[in-house]
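# Chain and residue survey
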Amino acid sequence: MELIVNNIKELLGIIDEDVLLVKGSDMSKVNRIKDAYIYVKDGLIAGFGNVEDSSYKQLLQERTDLRLIDAEQGLLIPSFCDAHTHLVFASSREVEYVDKIKGLTYEEIAKRGGGILNSAKAIQSASEEELFDSAWLRLQEIIEMGTGSVEIKSGYGLTTEAELKMLRVIRKLKEKSPLTIKANFLGAHAVPLDYRGRQHEYVDMVINEMIPMVAAEDLADFIDVFCDKGFFTVEDTDRILNAGMKYGLRAKIHANELALSGGIQVGVKYNALSVDHLEFTGEEEMKVLLGSETMPLILPGAAFFLNMPYAPARKMIDYGLPVAMASDFNPGSSPSGNMQLILSMASILYRLTPEEGLNATTINGAYAMDVSTETGSITIGKKADFFITKPMSGLEYMPYYYGTNKINKVFIGGVRQ
Ligand code: NIG
Ligand code: FE
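As the structure is a prediction and not an experimental result, all values here were calculated from the model.

## Side note on the overall build of the protein chain
- Check the secondary structure of the protein chain and you find 16 helices and 16 strands.
- The C-alpha atoms of the protein chain give a radius of gyration of 21 Å, which matches the 22 Å a tight globule of 417 residues would have.
- Across the 417 residues of the protein chain, 59% fall into the buried class.
- When contacts within the protein chain are restricted to residue pairs at least 6 apart in sequence, long-range pairs at least 24 apart make up 73% of them.
- Accessible area for the protein chain stands at about 16200 Å²; split by element, carbon and sulfur atoms hold 51% of it.

Below you can see the structure in the form of structure tokens.
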């Protein structure tokens, strides 16, 4: 199938094929073409340019069969790459949310068996079909909001059987959805109540039972650990990542959300694709990241929702680092997968420019889920994943007019959604 989108006010996010992430001062650059068109062939981006280009006029003359889509003077923006979510879950947790408003901390709720353990109880009694159906609705929701790629974690199972169930649901979502989906095995998300005081035995089970079974069914692309105060230690994380690596699972870990946990260092040691959250990041951690291939991935929704300190994203970029931002869509700490809102938070809460925010949520998100050779920018040969906005003045309007859906048309793999 071939099509042309024309009457585009501005086409944004053009990136050379060999650029897989942007960092430091390059994050403020977004290449763009005004009065543009884009040509899509077999689901891929096959060409783009200004409507005055002779090649465009020639294409229109020669190919009268092409389907024409009118962008109605909207902007054309590459789809968001949401590189950190927990969007397979069995039930919401608004009761806990009220406890949080009344003053209980995330850790206090976790200690009394709430939080992640609460979600785990619900997952264990839900069927694969139920989990698939509710996750499918969430996928539809994020597609409408402009997401084209999404990473989804297990981690609400916490038994071998329930972790495998979650990962099988993610596999089915991969098969049925037009989105590019990556699966992340997060067996070490919390220590189940019956393992309290025997944390090392739970870690042993993750290593000796869960990882081999996940690998045998080829259910995961990545491996994750919640390496933080009150959850898993650096030593636990070291053992788990080491075991995962032997099965070809690249690390992407939760780190430094609740304390200077050493999570960033252990992530970099295992060449993690990303270290995520990072509310507690100092100069030493930034130095470690600077010499690495690990993407610092910040989750504005979780810090906002939990009323936590914000990760030093501005400092990181000024230090020369790349930064990615994702939704962390989950029932406990960020019940929203709206990446347009993340774009607004990037500016409002972290002082990123609209251009930096766009790079953080597209190409750098793609890098953080290992798909930046396929998507995350407007590049010839990449998947035709993009959206057309409602008519607006320019990119600044996207973070500025926060809270509503500013998208008019969505294309994933060149197919209108
Ligand atoms: O990324 N920080 C750890 N895990 C999730 C929270 C999951 C939950 O509370 O259910 C997060 O925020
Ligand atoms: Fe998370």
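The discussion continues.
## Notes on the coordination of the iron ion (ligand 2)
- Distances from the iron ion (ligand 2) to its protein donors, namely H84 (NE2), H86 (NE2), H254 (NE2) and D328 (OD), fall within the range 2.0 to 2.6 Å.
- Coordination of the iron ion (ligand 2) draws on donor residues from a single chain, spaced H-x1-H-x167-H-x73-D in sequence. One end of the pair, H84, is in the loop between β6 (80-82) and α2 (94-101); the other, H254, is in strand β10 (residues 250-255), with 170 residues separating them in the sequence.
- Given a relative accessible area of 0%, H84 falls into the buried group.

## Section: a nonpolar patch on the surface
- There is a patch of nonpolar side chains on the surface, built from Y97, V98 and I101 and spanning about 280 Å² of accessible area.
- Looking at the secondary structure, you find V98 in helix α2.
- For V98, a relative accessible area of 36% translates into the label partly exposed.

## Points about the domain arrangement of the protein chain
- What the domain assignment lists for the protein chain is domain 1 (2-78 + 376-416) and domain 2 (80-367).
- Summarising the inter-unit geometry, the C-alpha centres of domain 1 and domain 2 are found 30 Å apart.
- Opposite the 33 residues of domain 1 that make contact, domain 2 presents 35 residues.
- Note on domain 1 versus domain 2: buried area summed over both sides is about 2600 Å², and carbon and sulfur give 67% of it.
- Considering only the surface of domain 1 that becomes buried against domain 2, M27, P399 and I412 emerge as the three largest contributors, covering 23% of it.

## Section: the sheet that holds strand β11 (residues 274-277)
- Read from one edge of the open sheet, 8 strands run β6-β7-β8-β9-β10-β11-β12-β13, paired in parallel fashion. Looking at strand neighbours, the two that pair on one side only are β6 and β13 (324-325), the edges of this open sheet.
- Judged from the 4 bridges that link them, strand β9 (residues 222-227) and β10 form a sheet pairing that is parallel. Looking across to β10, one finds that F222 is bridged to R250.

## Things to note about the pattern of salt bridges
- According to the stated counting rule, one finds 21 salt bridges in the structure shown.
- The residue E217 makes a salt bridge to R168 at a minimum N-O spacing of 2.7 Å. Note that E217 is positioned in the loop between α7 (199-216) and β9 and R168 in helix α6 (residues 160-176), a separation of 49 residues in sequence.
- Among the salt bridges present, the one from R314 reaches E356, with a minimum N-O distance of 2.7 Å. Taken as a pair, R314 in helix α12 (residues 313-318) and E356 in helix α14 (residues 354-361) lie far apart in primary sequence, 42 residues in all.
- The class for R314 is partly exposed, based on a relative accessible area of 24%.
- Among the ionic contacts, a cluster of salt bridges with common partners joins E10, R32, K34 and E355.

## Overview of a negative patch on the surface
- A cluster of acidic residues, E128, E129, E130 and D133, forms a negative patch at the surface.
- Summarising the element assignment, E130 is placed in helix α5 (residues 128-144).
- Owing to a relative accessible area of 48%, E130 belongs among the partly exposed residues under this scheme.

## Section: the site of ligand 1
- Surveying the vicinity of ligand 1 reveals 15 residues, the closest of which are R93, Y106, Y156, E257 and S333.
- One of the side-chain N or O atoms of R93 is found 2.8 Å from an oxygen atom in ligand 1.
- Take E257: an N or O atom from its side chain is 2.7 Å from a nitrogen atom of ligand 1.
- Compared with its free state, where it exposes 330 Å², ligand 1 has 100% of that area covered by protein.
- Here ligand 1 occupies the largest cavity.
- Along the lines of polarity and charge, the residues of the shell around ligand 1 split into 4 nonpolar, 8 polar and 3 charged.

The rules behind the values
Residues numbered from 1 in each chain as written. Chains lettered and ligands numbered in written order. Predicted model: local features only at pLDDT ≥ 70, side-chain atom pairs only at ≥ 80, totals over all residues. Heavy atoms only, no water. Helix = DSSP H or I, 4+ residues; strand = E, 2+ residues; numbered from the N terminus. Rg over C-alpha atoms; globule rule 2.2 N^0.38 Å. Buried < 20%, exposed > 50% of the residue type's maximum accessible area, 1.4 Å probe, protein only. Contact = heavy atoms within 4.5 Å. Areas by Shrake-Rupley, 256 points an atom, 1.4 Å probe, with all protein chains shown as cover. Donors = N, O, S within 2.8 Å, 3.2 Å for Na, K, Ca; no water. Patch = residues over 30% accessible without salt bridge, like charges linked within 9 Å, V, L, I, M, F, W, Y side chains within 5 Å. Salt bridge = Lys/Arg side-chain N within 4 Å of Asp/Glu carboxyl O. Domains from an automatic or database assignment. Buried area = accessible area lost by both parts, 1.4 Å probe. Pairing = 2+ DSSP bridges. Lys, Arg positive; Asp, Glu negative; His and termini not counted. Charge placed at Lys NZ, Arg CZ, Asp CG, Glu CD. Near = heavy atom within 4 Å. Polar contact = N/O pair within 3.5 Å; in protein donor to acceptor, adjacent residues only side chain to side chain. 1 Å grid on protein atoms, 1.4 Å probe; cavity = no way out; pocket = protein on both sides within 12 Å on 5 of 7 lines; lining within 4 Å. Sits in = over half its atoms within 2 Å of the grid points. Nonpolar A, V, L, I, M, F, W, Y, C, P; charged D, E, K, R; others polar.

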